[in-house]
Amino acid sequence: MRDLRQAGPIDQGEDVHNAYFDAATATPLHPAAREALLAALDDGWADPGKLYTQARRARLLLDAARATIAQVVGVRPDEVTFASSGTTAAHAAVLGGLAGRRRIGATLVRSAIEHSAVLHAGQRHVRDGGAEVEVPVDRLGRVDLDAWARAVSGPGVALASLISASHEVGTVQPVPDAAALCHAAGVPLHVDAAMSLGRGPLPAGWSLLTGSARKWGGPPGVGLLVLRKGTRWVSPYPADDRESGRAPGAPDLPAILAAAASLHAVHAAAEQEGKRLSALVDHVRATVAATVPDVEIVGDPVDRLPHVVTFSCLYVDGEALLTALDRRGFAVSSGSACTSSTLQPSHVLAAMGVLTHGNIRMSLHRDTTGAQVDRFLAELPGIVAGLRAEVGM
Amino acid sequence: MTEQTPADVLDCLGRRCPLPVIALARHLPTVPVGAVVRVLADDPAAAVDIPAWCRMRAQQYVGASSVDGSPAFDVRRLS
């Protein structure tokens, strides 16, 4: 009979008994990031925009980080802008992309499964007099390309936005096809690539791309805004000469250096790490299906991110499930309404028409071990059965 | 347009997920095959989860409506 774990200090290290399975939100700091961050704390405090020696050194470090990231993304350094987070990068991409095309139209086309940052930017746009067209997805969470084609070829479409792969269920989106349809319609495409950066080749065809360092082992506080040369974009912010006028405020240079170092490192290991995590996810999908009755495992089982698996357990309260798992030393996320600050079910799960209650999203990372996954799979059926027994199911 | 009013109405107003689905799951086996149960549920997940439950349990989701301003979901027992 296992003792219930007491809540431990948050800096308790990860081991078999304390597993972190929410890499889709944030990842532990990559060793390369930690090393760069610590070194930069002493070297990178000066303002890169000034003219004195310390400033010029800071400027060199910033430019080196920009060049490193540009190389991974496959763009020119002057196309890379550092924002204060993935969320603000997405806001800037969408609102700036719409503003840049104001003379052509005021309609944003986006999928139904975008990250909330894109949804909120769209809501702001509509509130300010613009329009939005939402393109549905299928049961596996893949955007409907026929509906996408119709939407982007409508009148007055200023910008389209499609996530590279679902942050909630992992399904890879048909970005090249969607981009080709956008190109044919003369509509620039924004791709939220936060879940894909550092995990493999990026899809082609986008004009604006955004990302977040804390998803790839970098620190929080670093967002990526990539604008291909020639993309019409007008900053949604008050004027600031930082980052060529694209992102206001002093950049967090130590964090940016850490972000660049870790992106370089994870990019180099992406294929191998992707295979390792993907095999673990396959194992989770198969085992949960076999050992937990009345469970819906969602998202494409094959055309998916390597590290994400999401499933919903019938008759189980999502918050109770997260709490029970946390007590056993498993940190996961959930798309269930009761676990959300808005008390709404995940818009992604709702758009797919899949079960939203009793939902768990597991997202694995470089420190995830097979032993941790095995322990989760061994304990999950009993936890679910216990919660169901409490409600007489 | 009048639809056949369901014989059974499960009032789950004010109850949050997954209670409305649980109530439906426990009640449906007690009605005759072919009968329709109406679930009143204002929990935001009900509109997605009741149809999902029908799909998972091979029952028929008849549709949603509004009853005195409250969301209502009709389910027909198939098996």
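Heads up: these notes are all about the structure in this document. Keep in mind that this is a model prediction, so the values were computed, not measured.

Notes on the overall build of chain A
Right, so step 1: Scanning chain A from N- to C-terminus turns up 11 helices and 12 strands.
Right, so step 2: Computed over C-alpha atoms, the radius of gyration of chain A comes to 21 Å, within 12% of the 21 Å expected from 2.2 N^0.38 for 393 residues, which places it in the range of a compact globule.
Right, so step 3: Across its three principal axes, chain A shows a C-alpha extent of roughly 65 × 55 × 35 Å.
Right, so step 4: Per-residue burial over chain A gives 53% buried out of 393 residues.
Right, so step 5: Here the contacts in chain A between residues at least 6 apart in sequence split such that 71% fall between residues at least 24 apart.
Right, so step 6: Per element, the accessible surface of chain A, about 16,500 Å² overall, is 54% carbon and sulfur.
Right, so step 7: Both charge centroids of chain A, one from 36 positive and one from 40 negative side chains, sit 6 Å from each other.

Side note on the pairing of strand β5 (residues 157–163) of chain A
Residues and elements named next belong to chain A.
Right, so step 1: Counted residue by residue, β5 has seven buried out of seven residues, so it is predominantly covered.
Right, so step 2: Across four bridges, strand β3 (residues 107–111) lies against β5 in parallel orientation. Bridging across to β5, Thr-107 finds its partner in Val-157.
Right, so step 3: Each parallel crossover has a hand, and the one from β5 via helix α6 (residues 175–185) to strand β6 (residues 189–192) is right-handed.

What to know about unusual backbone geometry
Right, so step 1: Cis geometry is adopted by the peptide bond preceding B:Pro18, which originates at B:Cys17 and carries an omega value of 0°.
Right, so step 2: Even without being glycine, A:Tyr315 reaches a positive phi, approximately 70°.
Right, so step 3: Among the structural elements, A:Tyr315 can be located in the loop between β10 (308–313) and α9 (318–327).
Right, so step 4: Owing to a relative accessible area of 5%, A:Tyr315 belongs among the buried residues under this scheme.

Side note on the environment of A:Leu181
All names here are of chain A.
Right, so step 1: Its place among the elements puts Leu-181 in helix α6.
Right, so step 2: You can call Leu-181 partly exposed: its relative accessible area is 28%.
Right, so step 3: Between the C-alpha atom of Leu-181 and that of Ala-151, which follows or precedes it by 30 residues, the distance is 9.9 Å.
Right, so step 4: Every residue in contact with Leu-181, bar those within four places of it in the chain, is listed here: Leu-145, Trp-148, Ala-149 and Val-152.

Here is what the cut-offs are and how they apply
Residues numbered from 1 in each chain as written. Chains lettered and ligands numbered in written order. Predicted model: local features only at pLDDT ≥ 70, side-chain atom pairs only at ≥ 80, totals over all residues. Heavy atoms only, no water. Helix = DSSP H or I, 4+ residues; strand = E, 2+ residues; numbered from the N terminus. Rg over C-alpha atoms; globule rule 2.2 N^0.38 Å. Buried < 20%, exposed > 50% of the residue type's maximum accessible area, 1.4 Å probe, protein only. Contact = heavy atoms within 4.5 Å. Areas by Shrake-Rupley, 256 points an atom, 1.4 Å probe, with all protein chains shown as cover. Lys, Arg positive; Asp, Glu negative; His and termini not counted. Charge placed at Lys NZ, Arg CZ, Asp CG, Glu CD. Pairing = 2+ DSSP bridges. Right-handed = clockwise from strand over helix to strand, strands pointing away.

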